[in-house]
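# Chains, contacts and geometry: an overview
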Amino acid sequence: PEWNIATMALFKLAASIFLLASSPAYGFTSPTTLITRSKQISNSNNLIYHESFFPSKIATSSSSLSALPISSTISTVDISRTVLGLLLAQKISNSGYKKQSLSKSGAISAFLVASFSLATSFRNGLTLLAFYWTSSKLTRVGSKIKGKLEEGHTEGGERGASQVFACSLIAVLCACVRRILVGNDGPLLSTSVGLLGDQLTLAYVAFFACCAGDTWASELGVLSKSKPRLIIKPWKQVPPGTNGGISFVGLAASAAGGTLMGLIHGVLVPGGIASMLPFNLPPMLGAISSAALKKEVLILSLVGFIGGFGGSLLDSVLGATIQVTYYDDVEEKIVKRSGPNAKRVGGLAFLSNEMVNVVSTALSALIAALTARSLLSIMI
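Residues numbered from 1 in each chain as written. Predicted model: local features only at pLDDT ≥ 70, side-chain atom pairs only at ≥ 80, totals over all residues. Heavy atoms only, no water.

## Brief notes about the overall build of the protein
The helix and strand tally for the protein stands at 13 helices and 8 strands. Going through the 380 residues of the protein one by one, you find that 51% of them count as buried. Contacts in the protein between residues far apart in sequence, at least 24 positions, make up 73% of those at least 6 positions apart. Approximately 17600 Å² of the protein is accessible, and the part contributed by carbon and sulfur atoms is 65%. (Helix = DSSP H or I, 4+ residues; strand = E, 2+ residues; numbered from the N terminus. Buried < 20%, exposed > 50% of the residue type's maximum accessible area, 1.4 Å probe, protein only. Contact = heavy atoms within 4.5 Å. Areas by Shrake-Rupley, 256 points an atom, 1.4 Å probe, with all protein chains shown as cover.)

## Notes on the packing of aromatic side chains
Summed over the entire model, instances satisfying the criterion amount to 5 aromatic pairs. A ring pair is formed by Phe131 and Tyr132, whose centres lie 5.1 Å apart and whose planes are at 50°; its orientation type is tilted. The class of Phe131 is buried, set by a relative accessible area of 2%. The class for Tyr132 is buried, based on a relative accessible area of 15%. With a centroid separation of 5.1 Å and an interplanar angle of 65°, the aromatic rings of Tyr204 and Phe208 are classed as edge-to-face. One end of the pair, Tyr204, and the other, Phe208, are both in helix α8 (residues 196–221), 4 residues apart, so they sit about a helical turn from each other. Using a relative accessible area of 1% as the deciding quantity, one classes Tyr204 as buried. The buried category is assigned to Phe208, whose relative accessible area is 0%. (Phe/Tyr/Trp six-rings, centres within 6.5 Å; stacked < 30°, edge-to-face > 60°.)

## Thoughts on the nonpolar core
Core analysis: the biggest nonpolar cluster contains 36 residues, and Leu128, Phe131 and Phe208 have the highest contact counts within it. Breaking this core down by element, the ones donating at least two residues are α2 (76–98), α3 (104–120), α4 (122–140), α7 (169–181), α8, α9 (248–267) and α12 (353–370). In terms of residue count, the dominant contributor to this core is α8 (8 residues). Contact partners of Phe131, with chain neighbours within four places excluded, come to Cys167, Phe208, Cys211, Ala212, Thr215 and Met261. The next biggest cluster of nonpolar side chains, apart from the first, holds 13 residues, and it includes Leu195, Leu202, Val205 and Leu300. (Core = buried A, V, L, I, M, F, W, Y, C linked by side-chain atoms within 4.5 Å.)

So, in structure tokens, the structure goes:
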């Protein structure tokens with residue numbers, strides 16, 4: 001009953017958002033026909049554009065770009081994707097709760113963010129789900145060893161609402177803002193509203209790249225056979241699990257995790273999979289050129305690599321300075337608070353782990369958005 005009530009409430013809320021986005025009063029063209037024109041054109045700089053969805057009241061800088069007619073109805077694909085997203089989010093969050101990878105509050109939170117992310121586009125939702133799936137799997141790797149090194153570690157790595165929101169909320173808000181202000185998800189350089197759509201796309205990728213980089217580094221780095229070193233004092237060895245501790249294994253894992261997020265988001269670009277098929281599809285199905293797909297994958301993979309590796313380093317610096325770490329000499333493990341046998345081995349008691357994650361991921365997303373113009377001009 002709780003899940004059914006939550007499903008209906010979220011469905012109504014998502015439907016309201018789409019009604020707002022498709023209202024002519026706000027000057028947005030709705031993806032009504034959904035048979036979007038997938039005409040690929042080039043501007044004077046030979047930049048590839050994918051004409052899929054343009055705000056009707058915003059003038060374009062190129063005469064070859066045209067807007068779709070205004071309509072106040074919602075497309076059947078939007079509704080179908082939202083409903084499918086609700087069902088998939090319910091199944092995944094319920095499964096996570098049963099497997100103890102999510103607490104009750106974590107399951108409800110995961111249901112909300114997954115539903116909204118899938119409602120904005122399939123690739124947004126699948127990128128988010130890829131992060132959660134890989135994180136849950138890696139949490140179980142070496143769980144017995146982790147239990148001996150860190151206090152409170154469980155086999156499933158049960159995550160609560162604060163952890164779920166810290167590793168998703170900002171990105172989901174970016175996806176919702178992009179859907180409302182820009183339109184349907186599409187390749188980079190595919191809208192007539194300047195860089196806004198691309199900035200939000202890069203911010204989304206950088207956010208989850210940072211999340212994946214930090215999580216992968218934490219889950220695999222703690223298993224390294226060599227002791228980690230404090231990032232602000234690389235000559236100093238610290239116990240495994242210490243906030244701000246880094247190792248070669250952890251750094252490699254952070255780069256891999258971030259790159260994977262970017263790669264997934266790039267491959268799943270609308271029209272991307274269709275372009276990889278060995279036969280041609282009708283233009284209405286929106287296949288993009290293979291060259292456009294390669295550029296999309298290259299750019300987003302690079303953003304993912306930088307977001308994963310750089311975001312993990314940023315998180316480590318914050319962890320070493322403004323997040324306190326306690327080590328129990330008797331238990332020989334990292335503990336959450338001070339005690340008779342626990343001593344502080346690093347950092348200040350200023351921010352919690354969740355808050356450190358929020359700061360590092362938010363900064364990663366912001367940097368990606370602010371550097372979007374430079375990155376796109378170099379890579380395309």
